[in-house]
Amino acid sequence: QLSPFRVTVKRLFSTSHSSVDSKEMKKFQLLAHKWWDEEGEFSALHSMNDIRVPFIRDSLLNMSRNYHLGNPLAGVKILDVGCGGGLLSEPLGRLGASVTGIDPLEDNIRTADQHKSFDPVLAKRIQYKSSSLEEMVEESMETFDVIVASEVVEHVADLEMFIKCCSQVLKPEGSLFITTINKTQLSYVLGILVAEKIMGIVPEGTHEWEKFVPPEELEHLLEANGFSVKTVNGMLYNPLSGSWSWMESASVNYAVHAVKSGAQGQSSPTDALSEVESEQPSATTGTAL
């Protein structure tokens, strides 16, 4: 039995245009088989795991009162939006999380599925679906404790609609993690001229500077759609060492952690997660401390 609210939401998202950009899909279609080549086109995303995975893990643990050593994210339901070949889904699964990775490109999902099948533990913890975020709204209202959208928002067709959808599938007090690129002269020079045209770190045409998102704009959209922004951290990529580090300035790459406001009288993710096997304390995204 669908609630009237759910029907309205379903109608809202099924009749409006999609946040998936078909031009962007074509670009990534050509690279779908290369996700797990650590020296290839996605090498910068592989090394980004060195800072984005601890950022997600530690932000969640800081909001939690108990966790299970070795499996710090046990019991946490994560939606990895625009998961590509699973480069971020897999390390999150290794931390104990239950991960759903979605990507509109079927070739990406095929690659991700094949790669996780080599690890029986990951094969159980991660499920991949060829799906847009809007389609998830229709079937998964307030389902996830955490949403991760890493290097995705600069490729979507409608950013505000994307954030609204994130809010719909997140539980009250759930966490949203975004990494993306600022819209500055420096980001044009480093993100497009140097990275694409000079050093070939990413394939030419991967990014369009017009679609880069300033952190002020992203914060404004998040706050306007029921999120509280907790952290904005600048990120720096060193193309010579191939490594990432945190920096104060968000003038090129940056990471955001935002938390959806809690609804009155509704259980928080803490309550749901404390039901995971009681003999095994688990990390939660419990923000209602």
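Just above sits the structure.
Quick caveat: nothing in here was measured; it's all calculated off a predicted structure.

A. Seen up close, the pairing of strand β1 (residues 77-81). Within β1, 4 of the 5 residues are buried, which leaves it mostly tucked inside the rest of the structure. Bridging between β1 and strand β2 (residues 98-103) involves 5 bridges; their strand directions are parallel. If you follow Val81 over to β2, its bridge partner there is Ile102. Regarding topology, helix α4 (residues 89-94) serves as the crossover connection from β1 to the parallel β2, and that connection is right-handed.

B. Spotlight on the nonpolar core. Grouped together as the largest cluster of nonpolar side chains are 39 residues, with contacts concentrated most on Leu73, Ile78, Leu92 and Val148. Ranked by residues supplied to this core, first place goes to helix α3 (residues 43-62) with 9 residues. By size, the runner-up hydrophobic cluster in this structure holds 33 residues, among which are Ala149, Leu170, Leu176 and Val213.

C. Summary view of the side chain of Asn182. Here Asn182 is to be found in the loop between β5 (170-181) and α9 (185-198). We classify Asn182 as buried; its relative accessible area is 7%.

D. Just the pattern of salt bridges, in detail. Taken as a whole and judged by the stated rule, the model has 10 salt bridges. Taking the shortest distance from any N to any O, the salt bridge between Lys34 and Glu41 comes out at 3.1 Å. The partner of Arg94 in a salt bridge is Glu90, and the shortest N-O contact between them spans 3.4 Å. Residue Arg94 and its partner Glu90 are located together in helix α4, separated by 4 residues, close to a single helical turn. Given the relative accessible area of 2%, Glu90 is considered buried. Counted as one network, the salt bridges with shared partners bring together Glu106, Asp107 and Arg110.

E. Here's a closer look at the environment of Gln185. Examined against the element boundaries, Gln185 turns out to sit in helix α9. Sequence separation of Gln185 and Trp209 is 24 residues, and the distance between their C-alpha atoms is 9.4 Å.

Calculation criteria
- Residues numbered from 1 in each chain as written.
- Predicted model: local features only at pLDDT ≥ 70, side-chain atom pairs only at ≥ 80, totals over all residues.
- Heavy atoms only, no water.
- Buried < 20%, exposed > 50% of the residue type's maximum accessible area, 1.4 Å probe, protein only.
- Helix = DSSP H or I, 4+ residues; strand = E, 2+ residues; numbered from the N terminus.
- Pairing = 2+ DSSP bridges.
- Right-handed = clockwise from strand over helix to strand, strands pointing away.
- Core = buried A, V, L, I, M, F, W, Y, C linked by side-chain atoms within 4.5 Å.
- Salt bridge = Lys/Arg side-chain N within 4 Å of Asp/Glu carboxyl O.

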